[in-house]
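Residue-level structural notes
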Amino acid sequence: LCVPAVPVLFKQALKNTDMEEGKSVSLRCELTKADATVVWKKGEATLQASAKYEMKQKGTVAELVIHNAEPEDA
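Quick caveat, the model's predicted, so the values are computed rather than measured.

So, the sheet that holds strand β2 (residues 25-31)
- Strand order across the open sheet formed by four strands is β1-β2-β6-β5, with antiparallel pairing between neighbours. A strand with exactly one partner marks an edge of an open sheet, and here the two such strands are β1 (10-12) and β5 (53-58). Sheet twist, expressed as the mean angle between neighbouring strand axes with direction ignored, is 30 degrees.

Structure representation (structure tokens):
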């Protein structure tokens, strides 16, 4: 029996978040499948984990923390 893969969907999409320059800001989304692969992008560029960008994932919740936020991070 071949069962097709169920697509991963957003249960809760990203929300607009105000940020204070120089502070950290957290963006979160919730998925329909736990531990699905999440890729964070800004425009066409894929963000990589670094001192500036911290990616976390626990169960169905994926989070991007932007440290030392700047206007260019909008």
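Right, picking up where we left off after that structure.
Focus: the nonpolar core
- Counting residues in hydrophobic clusters, the biggest one holds eleven residues: V25, C29, L31, A36, W40, L47, Y53, A62, L64, I66 and A69.
- Where this core is concerned, the elements lending two or more residues are β2 and β6 (61-66).
- Ignoring anything within four residues of it in the chain, the contact list for A62 reads L27, R28, C29, V38, W40, K56 and Q57.

Topic: the side chain of E63
- One can find E63 in strand β6.
- Here S26 takes part through its side chain, which lies 2.4 Å from a polar atom of the side chain of E63.
- If we skip the residues at most four places from it in the chain, E63 touches S26, L27, R28, W40, E54, M55 and K56.

A short note on the pattern of salt bridges
- Applying the stated criterion to the full structure yields five salt bridges.
- With a shortest N-O distance of 3.6 Å, E30 and K11 are connected by a salt bridge. Here E30 is found in strand β2, whereas its partner K11 is found in strand β1, with 19 residues between them in sequence.
- In this structure, R28 and E63 form a salt bridge, with 3.3 Å as the shortest nitrogen-oxygen distance. Of the two residues, R28 sits in strand β2 while E63 sits in strand β6, which places them 35 residues apart along the sequence.
- Among the charged side chains, a salt-bridge network with shared partners connects K52, E70 and D73.

Definitions and cut-offs
- In this convention, every chain numbers its residues from 1, walking through the sequence in written order.
- Note on the predicted model: pLDDT of at least 70 is required for a residue's local features to be given, and 80 or more for side-chain atom pairs to be given and counted; whole-chain, interface and lining totals, by contrast, use all residues.
- Side-chain measures were taken over the full set of non-hydrogen atoms in the model, leaving aside hydrogen atoms and water.
- Two strands qualify as a pair provided that DSSP identifies no fewer than 2 bridges between them.
- Every helix listed is a DSSP run of H or I at least four residues long, and every strand listed is a run of E at least two residues long, numbered separately from the N terminus.
- Only the stretch in contact is used when a helix axis is fitted, and all axes are lines through C-alpha atoms; the angle between N-to-C directions ranges over 0 to 180 degrees.
- Nonpolar cores were defined as sets of buried Ala, Val, Leu, Ile, Met, Phe, Trp, Tyr and Cys residues, with membership established by side-chain atoms within 4.5 Å.
- Remark: exposure states derive from per-residue accessible area (1.4 Å probe, protein chains only) relative to the maximum for the residue type, with buried under 20%, exposed over 50%, and partly exposed in between.
- Residues are treated as being in contact if the distance between any of their heavy atoms lies within 4.5 Å.
- Within 3.5 Å is the distance limit for a polar contact, defined as a pair of N or O atoms, with the added protein rule that one can donate a hydrogen and the other accept it, and that residues adjacent in sequence qualify only through two side-chain atoms.
- Here a salt bridge means any side-chain nitrogen of Lys or Arg lying within 4 Å of a carboxyl oxygen belonging to Asp or Glu.

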